[in-house]
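Listed below, chain by chain, are the residues.
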Amino acid sequence: HAKSMGKNRCVLCSQMIKDHVLKKMELTNLLYHAQEKGQLELYYQPQFDMAAQAIVGVEALLRWRLPEKGMVEPAQFIPLAEQSGMIYSIGEWVLETACQQNKVWQDSGLPRMRVMVNLSANQLTSPKLVQCVVRVLKKTRLPPEYLELEITETAASTNLPLVLDTLRRLKAMGVSLAIDDFGSAQSLLSRLKMLPVDRIKIDAQFVQGIEKSDKDQTVLKAMVRLIRSLGLRVVAEGVETPRQFDFLAGVMCDEVQVFFCCRPMEAAAIQAVLSEYAGLR
Ligand code: C2E
Ligand code: MG
Ligand code: MG
Ligand code: MG
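Residues numbered from 1 in each chain as written. Chains lettered and ligands numbered in written order. Predicted model: local features only at pLDDT ≥ 70, side-chain atom pairs only at ≥ 80, totals over all residues. Heavy atoms only, no water.

## Comments concerning the overall build of the protein chain
So the rule is basically this: Put simply, DSSP H or I for four residues or longer makes a helix, DSSP E for two residues or longer makes a strand, and each gets a number counted from the N terminus. We take the radius of gyration over the C-alpha atoms and set the globule estimate at 2.2 Å times the residue count to the 0.38 power. Burial here depends on accessible area, computed with a 1.4 Å probe over protein chains only, as a share of the maximum for the residue type. Under 20% is buried, over 50% is exposed, and the range in between is partly exposed. Contact between two residues is taken to exist if any of their heavy atoms lie within 4.5 Å; hydrogens are not considered. Accessible surface is estimated by sampling points in the Shrake-Rupley manner with a 1.4 Å probe; for residues, cover comes only from the protein chains shown. Only four residue types enter the tally: Lys and Arg on the positive side, Asp and Glu on the negative side; His and the chain ends are excluded. Charged side chains are reduced to one point each, which is NZ for Lys, CZ for Arg, CG for Asp and CD for Glu.
Within the protein chain one finds 12 helices and 10 strands. For 281 residues, the compact-globule formula gives about 19 Å, and the C-alpha radius of gyration of the protein chain, at 21 Å, lands near that figure. Projected onto its principal axes, the C-alpha positions of the protein chain cover 70 × 50 × 45 Å. When the 281 residues of the protein chain are sorted by exposure, 44% land in the buried category. Relative to all contacts within the protein chain whose residues are 6 or more apart in sequence, the contacts with residues 24 or more apart total 68%. Roughly 14,800 Å² of accessible area belongs to the protein chain as shown, and the carbon and sulfur atoms make up 56% of that amount. In the protein chain, which carries 34 positive and 31 negative side-chain charges, the distance between the mean positions of the two groups comes to 5 Å.

Encoded structure:
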């Protein structure tokens with residue numbers, strides 16, 4: 001009897017793995033057509049400068065709207081795009097759409113600000129990245145200082161000499177660079193100081209712990225001081241409550257992405273927020 005129960009569990013388990021693999025394959029197939037079918041969309045989340053009391057940028061966050069299935073989260077499909085190689089064309093679409101949108105906002109008279117675009121490790125280590133950025137900036141006519149590329153520490157460590165060369169060339173063009181999700185992976189402070197970046201974005205987990213734990217407050221405070229002492233600007237992500245916002249202002253965090261008042265929104269909705277904030281309405 002016990003033996004047959006064990007067998008049932010194996011069948012169940014293997015069925016679950018099969019389902020999972022099948023679901024992944026099905027999603028990958030759908031993703032192949034997402035771009036041509038116009039199912040990809042960018043949402044934007046504002047970045048707020050504490051000292052200037054101004055919105056100084058918006059982060060572009062990719063969304064996939066699948067008929068019947070609804071919105072698919074980036075965490076579900078970006079890994080599939082990376083594994084299948086689709087990330088290059090999707091990434092180029094994201095870059096061009098974000099730059100073009102920012103140019104439209106600038107031309108409409110909104111205060112100028114950066115648009116932040118996330119890059120996968122595959123894109124960062126591609127020899128075509130610099131060319132691609134040059135092409136997009138030329139096509140959209142967005143001045144390079146209004147584009148910021150976000151990379152992770154893990155991505156930056158895959159092939160350091162190549163990545164350093166790429167980052168230096170991007171900096172030389174006038175593009176800004178940021179490290180995303182700082183502290184979420186094993187980080188090497190020696191490497192941090194040699195990367196030619198402008199901004200470090202502290203991972204949301206550090207912000208979310210501060211209301212519960214004094215230790216988390218101490219860690220966050222130390223991270224902010226360390227980053228600022230390297231001459232870089234600090235951004236906190238995942239600010240969910242006004243208390244977290246006040247704490248970050250108190251420890252001299254330069255910029256925040258505030259979730260409690262500004263979840264990522266579609267372009268039209270974020271434009272209304274930007275106009276309102278700039279007093280243009
Ligand atoms: P990320 O770049 O670290 O972006 C921040 C993520 O946290 C976003 O999730 C955002 O919606 C969410 N977020 C921001 N503030 C808060 C908060 O206070 N609370 C909570 N609970 N969440 C908050 P999203 O849009 O699901 O994106 C997830 C990740 O997918 C991004 O993390 C980024 O790594 C990746 N991603 C998004 N768009 C792109 C893209 O165009 N290209 C690539 N390569 N990756 C992308
Ligand atoms: Mg990001
Ligand atoms: Mg992040
Ligand atoms: Mg991330």
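## Here we look at the environment of Ala51
You can see Ala51 is positioned in the loop between strand S1 (40-49) and strand S2 (54-66). The class of Ala51 is exposed, set by a relative accessible area of 72%. Each C-alpha atom of the pair Ala51 and Asn159 lies 36 Å from the other, and the pair is 108 residues apart in sequence.

## Considerations on the coordination of the magnesium ion (ligand 2)
Going by this rule: A donor here means an N, O or S atom no more than 2.8 Å from the metal, or no more than 3.2 Å when the metal is Na, K or Ca. Since water is not included, a site may seem to lack partners.
Coordination of the magnesium ion (ligand 2) by the protein comes from Glu59 (OE), Asn118 (OD1), Glu150 (OE) and Asp180 (OD), over a distance range of 2.0 to 2.2 Å. All donors to the magnesium ion (ligand 2) come from one chain, and their sequence spacing reads E-x58-N-x31-E-x29-D. Separation of the magnesium ion (ligand 2) from the magnesium ion (ligand 3) amounts to 4.2 Å, with Asp180 serving as a shared donor to the pair. Taken together, the positions of Asn118 in strand S4 (residues 114-118) and Glu150 in strand S5 (residues 147-152) put the pair 32 residues apart, joining distant regions of the chain. Exposure remark for Glu150: the relative accessible area of 1% places this residue in the buried category.

## Some details on the nonpolar core
What counts here: Put simply, a nonpolar core is a bunch of buried Ala, Val, Leu, Ile, Met, Phe, Trp, Tyr and Cys residues held in one set by side-chain atoms that sit within 4.5 Å of each other.
Grouped together as the largest cluster of nonpolar side chains are 79 residues, with contacts concentrated most on Leu147, Leu149 and Val256. Top element by residues in this core is helix H3 (residues 87-107). It accounts for seven residues. In this structure Leu149 touches Leu95, Val117, Leu119, Val133, Leu170, Val175, Ser176, Leu177 and Ala178, once residues within four positions along its chain are discounted.

## Comments concerning the site of ligand 1
The condition that has to hold: Residue proximity to a molecule or strand is established when one non-hydrogen atom of the residue lies within 4 Å of it. Counted as a polar contact is a pair of N or O atoms within 3.5 Å, where, for protein atoms, one must be capable of donating a hydrogen and the other of accepting one, and residues adjacent in sequence contribute only when both atoms are in side chains.
In the vicinity of ligand 1 there are 23 residues, among which Arg63, Asn118, Asp180, Glu240 and Phe259 approach most closely. Between Leu62 and ligand 1, the recorded distance is 3.1 Å, taken from a backbone N or O atom to a nitrogen atom. Contact between ligand 1 and Asp181: an oxygen atom at 3.0 Å from a side-chain N or O atom of the residue. When ligand 1 sits alone it has 810 Å² of accessible area, and the protein chains cover 78% of it.

## So, the pairing of S5
Spelled out, the test is: Only strands joined by at least two bridges in the DSSP assignment are considered to pair.
In terms of burial, S5 is largely enclosed, as five of its six residues are buried. Two strands pair when backbone bridges link them, and S4 and S5 are joined in this way by four bridges, in the parallel orientation. The residue bridging Asn118 from the neighbouring strand is Glu150, located in S5. Summarising the sheet, S5 and strand S6 (residues 176-182) pair through five bridges and their orientation is parallel. Residue pairing across strands places Glu148 opposite Ser176, the latter belonging to S6.

## Section: helix H12 (residues 267-277)
Short version of the rule: Note that the arc is computed from the directions linking the helix axis to the C-beta atoms.
Turning to H12, its buried residues are Ala267, Ile270, Leu274 and Ser275. Viewed along the axis of H12, the buried residues span an arc of 140°, placing them on a single side of the element.

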